[in-house]
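Working through the structure, step by step
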Amino acid sequence: MRGIYSNKTKIRHMVFTEVARMAFEGGDFTRIDNLPYKIVPGETGKYYDNIFLERAIVGERLRATIGLPIRTMEEHALLSDGIDASAIAEKYYDPPLINIIKFACHKCPENRVFISDACQGCLEHPCIEVCPKNAIKMENGRSVIDEEKCIKCGLCLNACPYSAIVRQQRPCATACGMNAIKSDEYGRAEIDYDLCVSCGMCLVSCPFSAIVDKSQIFQTVLALKEDTPVYAAVAPSFIKQFGDNVTPEKFRAALKDIGFEDMVEVAIGADLCAIQEAEDFIENVPKNQPWMGTSCCPAWASMAKRTLPNYKEYISMSLTPMVLTARFIKKQHPDSRVVFIGPCAAKKLEASRRTVRSMVDFVLTFEELNGIFSAKGVDFESLDVEPIQDVSSALGKGFATSGGVANAVIEVLKEMKPEMDIKVTKAEGLDECKKMLLLAQAGKYDGYLLEGMACPGGCVGGAGVLCDSRKASAQLKMDMNNSSFTSPSDTEFSEYLSLITKED
């Protein structure tokens, strides 16, 4: 779970750190073959009671972090197989982005209803009375479910006064708003990539850490060691991710310490995105389409286009804050590289698109960046800091939370068209987003702006965060209140929108 430091979090951090350290040190990268023994030392298992299995799982996590494909149990090769092809600063993701390490999967039940030891064998036995299939009977003074008859309707769960009946579902499948998690012939989780939008919710929900996403940690560090300047485009949700005492000034100093030229707030791009989406809304609703969806969350946008392909033009064509910020950086520094740093797994997929590759060179999550900080031995308290100029609006920073995109667009719309009756609705989590879309299709949201966020709570609840989303949201609101600018159109960058969006 996000915001909780667990064995799963620990192993992921160690893998990220060791891959980053290997890239910083350079030399013969085939030494990755020895890293499972460093990460899982000793002769007895600690997590699975099988040290060979633990090292094998860590090995596949290392390969994914390098950007290499996950292997099956029947493949025999060194971990380092193919590493030379990934040891370049121009490496993009090889699909798929989200992967399942099959031999780490626990084969969790897809949907099981059973009666626990809390059953009191009561006289009333309402579970038996409400079951439509007569699947429950009393044995030895307790209720028992015949799983062959059970249809998993849940009536017995609601009827039991002792909460003794339990529904057990596969965590990754429950978290997937696209129903993209299936089962293979052995009962292990399997991803339907025709449905998957790479939101990463399955990744953070798997208690066995069997699901991994590919990373560009290795390639980013190699780029930082080269002469070409590398700029960090940092999402506004970075607040609180690296500790309560890590201020934006300290965070910027830490980025410079590991080799970045400078840090640029993606909230700048959020301000520009709000202006673009407001212009799109005025131009298209209701003249060309009955409603418009926001564009900044790539997982939501992909889901919307797959769920309602006939309505895909209804999702704003505005560039996302990540892309707008990257374009801004490359207009100022044409010979630089840009690393987007944020909470989102789906941004990795967005950056791999042909139209985005020239702007965004690498994508890191906060969790992955933390591994780089550890590999470099960054001490936040000892860093020399410089003041940071406030250049983005409060509403631009607010893009990181659910409702924030809509709030910013509405404010700009009010400034552009004070007489306009602006209606808005929002949803967070792909299940809720899908419901919102179907209502829009049915005509319930004509004239509306629809904001969709794939992650609960918005970007602060993304797959790559380190901090609890509620804590991060609270701090972000404080920072928004202290911002020098309220509206996106108040900032100095708003007048440069046409320059940034213009194709070269």
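Notes on the structure in this doc start here.

So, how was this worked out
- Residues numbered from 1 in each chain as written.
- Predicted model: local features only at pLDDT ≥ 70, side-chain atom pairs only at ≥ 80, totals over all residues.
- Heavy atoms only, no water.
- Pairing = 2+ DSSP bridges.
- Helix = DSSP H or I, 4+ residues; strand = E, 2+ residues; numbered from the N terminus.
- Contact = heavy atoms within 4.5 Å.
- Axes fitted to C-alpha atoms, helices over the stretch in contact; angles between N-to-C directions.
- Parallel < 35°, antiparallel > 145°, perpendicular 65-115°, else oblique.
- Left-handed = near helix turned anticlockwise from the far one by under 90°.
- Nonpolar A, V, L, I, M, F, W, Y, C, P; charged D, E, K, R; others polar.
- Salt bridge = Lys/Arg side-chain N within 4 Å of Asp/Glu carboxyl O.
- Buried < 20%, exposed > 50% of the residue type's maximum accessible area, 1.4 Å probe, protein only.
- 1 Å grid on protein atoms, 1.4 Å probe; cavity = no way out; pocket = protein on both sides within 12 Å on 5 of 7 lines; lining within 4 Å.
- Points joined across faces, edges and corners; volume = space filled by probe spheres on them.
- Right-handed = clockwise from strand over helix to strand, strands pointing away.
- Phe/Tyr/Trp six-rings, centres within 6.5 Å; stacked < 30°, edge-to-face > 60°.
- Lys NZ or Arg CZ within 6 Å of the ring centre and 35° of its normal.

Some remarks on the sheet that holds strand β14 (residues 423-428)
Taken in spatial order, the three strands line up as β11-β15-β14 in an open sheet, and their pairing is parallel. Where the open sheet ends on each side, the last strands, each with one partner, are β11 (292-293) and β14. One ladder, built from six bridges, connects β14 with strand β15 (residues 448-453); its direction is parallel. Within β15, the position partnered with K426 by the bridge is E451. Across the sheet, helix α18 (residues 404-416) lies against β14 and β15, angled at about 150° from β15, the strand it touches most.

Things to note about the packing of helix α12 (residues 298-307) against helix α19 (residues 430-441)
Between α12 and α19, whose axes approach to 10 Å, the crossing angle comes to 45°. As far as their axial angle goes, α19 and α12 are oblique. As α12 packs across α19, the resulting crossing turns out to be right-handed. Counted together, A299, W300, M303, A304 and T307 of α12 and L430, C433, K434, M436 and L437 of α19 form the full contact between these two elements. Of the residues assigned to the contact of α12 with α19, the class counts are eight nonpolar, one polar and one charged.

Details of the pattern of salt bridges
Enumeration according to the criterion identifies 25 salt bridges in this entry. E190 is the partner of K102 in a salt bridge, and the nearest nitrogen-oxygen pair spans 3.5 Å. Remark: E190 occurs in strand β7 (residues 189-191) and K102 occurs in the loop between β1 (98-100) and β2 (111-115); sequence separation between them is 88 residues. Classification of K102 as partly exposed rests on a relative accessible area of 21%. Overall, E190 belongs to the partly exposed group, its relative accessible area being 35%. As a salt-bridge pair, D361 and K330 come within 2.8 Å of each other at their nearest N and O atoms. Here the residue D361 occupies a position in the loop between α15 (354-357) and β13 (362-365), and K330 occupies one in helix α13 (residues 321-332), the gap between them amounting to 31 residues. The same class applies to D361 as to K330, namely buried. One salt-bridge network, held together by shared partners, links K102, D184, R188 and E190.

Some remarks on empty space enclosed by the protein
Applying the stated criterion across every chain, the model contains eight cavities of 30 Å³ or more. Looking at the largest cavity, its volume works out to about 290 Å³. For the lining of the largest cavity, the secondary-structure elements that each account for two or more residues are α11 (267-284), α12 and α13. Taken together, the residues of the lining of the largest cavity break down into 20 nonpolar, four polar and one charged.

Digging into the layout of surface pockets
When its volume is computed, the second largest pocket comes out at roughly 460 Å³. Lining the second largest pocket are 17 residues; nearest its centre among them are R55, A56, R71, A77 and L79. Elements supplying a minimum of two residues to the lining of the second largest pocket: α2 (35-39) and α3 (51-66). Considering each element in turn, the lining of the second largest pocket owes the most residues, five residues, to α3. Residue classes in the lining of the second largest pocket are distributed as nine nonpolar, three polar and five charged.

So, the environment of E265
As for its position among the elements, E265 is in strand β10 (residues 262-265). Distance from E265 to G121, taken between C-alpha atoms, is 61 Å for residues 144 residues apart in sequence. Ignoring sequence-local partners within four residues, the contact set of E265 consists of V234, T325, Q389, V391, S392 and K397.

Things to note about unusual backbone geometry
Peptide bonds are mostly trans, and most non-glycine residues show a negative phi. With an omega of 5°, the peptide bond running from V285 to P286 counts as cis. Tracing the backbone through its elements, the reader meets P286 in the loop between α11 and β11. Despite not being glycine, D49 has its phi angle at roughly 65°, a positive value. You can see D49 is positioned in the loop between α2 and α3. Positive phi outside glycine occurs at K240, with the angle close to 75°.

Notes on the pairing of β10
Strand direction decides the pairing type here: strand β9 (residues 230-234) and β10, joined by four bridges, are parallel. In the sheet register, Y231 faces β10, and the bridge partner there is D262. Handedness of the crossover is the feature at issue here: the chain leaves β9, passes through helix α10 (residues 248-257), returns alongside β10, and the resulting connection is right-handed.

Looking at the packing of aromatic side chains
Taken as a whole and assessed by the stated rule, the structure comprises twelve aromatic pairs. Centre to centre, the rings of F238 and F251 are 5.0 Å apart; their planes meet at 15°, and the pair counts as stacked. Taken together, the positions of F238 in the loop between β9 and α10 and F251 in helix α10 put the pair 13 residues apart, joining distant regions of the chain. The two residues F238 and F251 agree in class, both being buried. Ring centres 6.1 Å apart and planes at 90° place the aromatic pair F242 and F366 in the edge-to-face group. Here F242, found in the loop between β9 and α10, pairs with F366, found in helix α16 (residues 366-376); they are 124 residues apart in sequence, far enough to count as distant. In this structure, F242 and F366 share a single accessibility class: buried. Feature note: the residues F238, F242, F251, F366, F373 and F380 constitute an aromatic cluster, connected by ring pairs. Just above the ring of F114 sits the side chain of R112; from NZ or CZ to the centre is 4.2 Å. K376 extends its terminal NZ or CZ atom over the ring of F24, reaching a point 4.7 Å from the ring centre.

Note that all results are geometric; they support no functional claim without further evidence.
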